[in-house]
Amino acid sequence: MSDDAESIDRVLRGDIDHFAELIARHRHHVLKIVQGHVPADRVAEVAHDVFVRGYRSLPGYGGEVPFEHWLSRLAVRACYDYWRAKKRADVPVSALTEDQAGWLDRALAAESDEQFREQRDWDDALEVLAWALARLSPEQRLVLTLVSLEGRSVREAADLLGWTVVNVKVRCYRARQALRTLFFQEWNRHELARPS
Amino acid sequence: MSLHARHKKSLEKVEQVFAQAHRLRVDIVVGPDWAQDIMREVRRGDAEQRGPSMLAWAEPLVWRVAGGAALAAVLFAGSVLVYTSQRSAPVTAFWMEELDAGAPLPEE
């Protein structure tokens, strides 16, 4: 019996303290997934929620997939729920700051790879990315993050999201198109605003 | 190169930079209290689930009554079967009389 299976068995027999072993073993994995989807200041809270959900759902874990994989699905689901709740709250999304717009402007106008490499600034890139993702639906941002940003296969993303492969492909395509349209619009806006 | 093709190429580069920036995110570190908080919530939830409810006394009673009711139903059904098999003729006659009690319809 694996370490996980043994801990799970003990937890299910009422020895709750063994759940702490599962947290210690998988916290890094869960935090890694969550931090790729939610803002840094909310990662601990969402990861906390993942483990609480994990405990509550433990009787339903049949061992068909490794425990870590099962937790990954819960983590992705918790991130999805986070964005859905945020969308419901209808938080207004602010416009790009001058610095961010400038970064996007330079990045999109870059002619060569060399030029582009010189321009990249990770913090600005992440800020612009966060700005763009905030304009997508929770489904689009989740699938785009898994496939385009994390480089997971469509099949893997489908498994984590509980969607069909076709559904993931379609949503991913639409999300990329939406993102491109956003950048084009922003770029054009700045092009027009620039003094000639 | 057309404007659209140039933009498309630029966008692909931007997407690559985003992917790289995403992978280079600094790992979030949580303190020891974080795991303890989870365990505290798990224990609290577990205690609430296992705690005595207002109708805890009724649960065994319901099961006992349900068992008794099922047994009574089986005994009743059995006795009806035995009764009807022994006196099928009178019972049939009784029902025939009940159902056939109406006057015949006048023929036109």
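Above: the structure in question.
An account of the accompanying structure is given in this report. (Residues numbered from 1 in each chain as written. Chains lettered and ligands numbered in written order. Predicted model: local features only at pLDDT ≥ 70, side-chain atom pairs only at ≥ 80, totals over all residues. Heavy atoms only, no water.)

Let's shift gears to the interface of chain A and chain B. Contact with chain A, which involves 44 residues of that partner, is made by 33 residues of chain B. Across the interface of chain A and chain B, roughly 3800 Å² is buried in total on both sides, 66% from carbon and sulfur atoms. For the pair chain A and chain B, the number of links is six salt bridges. Put simply, chain A and chain B have ten residue pairs in polar contact (both at pLDDT 80 or more) between them. Within the side of chain A that touches chain B, the residues separate by chemical class into 26 nonpolar, eight polar and ten charged. (Contact = heavy atoms within 4.5 Å. Buried area = accessible area lost by both parts, 1.4 Å probe. Salt bridge = Lys/Arg side-chain N within 4 Å of Asp/Glu carboxyl O. Polar contact = N/O pair within 3.5 Å; in protein donor to acceptor, adjacent residues only side chain to side chain. Nonpolar A, V, L, I, M, F, W, Y, C, P; charged D, E, K, R; others polar.)

Ranked by size, the top nonpolar core spans 49 residues in total, and within it A:Phe19, A:Val34 and B:Trp34 carry the most contacts. Contributing elements (two or more residues each) for this core: α1 (3-12), α2 (19-35), α3 (43-57), α4 (67-89), α8 (138-149), α9 (154-161) and α10 (165-193) of chain A together with α2 (32-50) of chain B. Setting aside anything within four residues of it in sequence, one finds A:Val34 in contact with A:Val43, A:Val46, A:Ala47, A:Val50, A:Ala75 and A:Cys79. (Core = buried A, V, L, I, M, F, W, Y, C linked by side-chain atoms within 4.5 Å. Buried < 20%, exposed > 50% of the residue type's maximum accessible area, 1.4 Å probe, protein only. Helix = DSSP H or I, 4+ residues; strand = E, 2+ residues; numbered from the N terminus.)

Turning our eyes to something else, we now look at a nonpolar patch on the surface. Residues and elements named next belong to chain B. Together, Phe94, Trp95 and Leu99 make up a nonpolar patch on the protein surface, roughly 390 Å² of accessible area in all. Within the fold, Phe94 resides in helix α4 (residues 88-99). Of the residues examined, Phe94 reaches a relative accessible area of 47% and is grouped as partly exposed. (Patch = residues over 30% accessible without salt bridge, like charges linked within 9 Å, V, L, I, M, F, W, Y side chains within 5 Å. Areas by Shrake-Rupley, 256 points an atom, 1.4 Å probe, with all protein chains shown as cover.)

Right, let's get into the packing of α2(A) against α3(A). All names here are of chain A. The interhelical angle for the contact between α2 and α3, taken along N-to-C directions, is 135°, at an axis separation of 9 Å. One way to sum up the angle between α2 and α3 is to call them oblique. Pair α2 / α3 crosses with right-handed handedness. Counted together, Phe19, Leu22, Ile23, His26, Arg27, Val30, Leu31, Val34 and Gln35 of α2 and Val43, Val46, Ala47, Val50, Phe51, Gly54 and Tyr55 of α3 form the full contact between these two elements. Of the residues belonging to the contact of α2 with α3, the class tally is twelve nonpolar, three polar and one charged. (Axes fitted to C-alpha atoms, helices over the stretch in contact; angles between N-to-C directions. Parallel < 35°, antiparallel > 145°, perpendicular 65-115°, else oblique. Left-handed = near helix turned anticlockwise from the far one by under 90°.)

With that out of the way, let us pick up the packing of aromatic side chains. Evaluated as defined, the whole model comprises eight aromatic pairs over all chains. On the numbers, 5.9 Å between centres and 80° between planes, the contact of A:Phe51 with B:Trp34 is edge-to-face. Residue A:Phe51 is located in helix α3, and its partner B:Trp34 is located in helix α2; the two belong to separate chains. Among the residues examined, A:Phe51 registers a relative accessible area of 1% and is labelled buried. Ring centres of A:Tyr61 and A:Trp70 lie 5.1 Å apart, and the angle between their planes is 50°; on these two criteria the pair is classed as tilted. For the pair shown, A:Tyr61 and A:Trp70 are each scored as buried. Among the aromatic side chains, those forming a connected cluster through ring pairs are A:Tyr61, A:Phe67 and A:Trp70. We note A:Arg171 situated over the ring of A:Trp163; from NZ or CZ to the ring centre the distance is 4.6 Å. (Phe/Tyr/Trp six-rings, centres within 6.5 Å; stacked < 30°, edge-to-face > 60°. Lys NZ or Arg CZ within 6 Å of the ring centre and 35° of its normal.)

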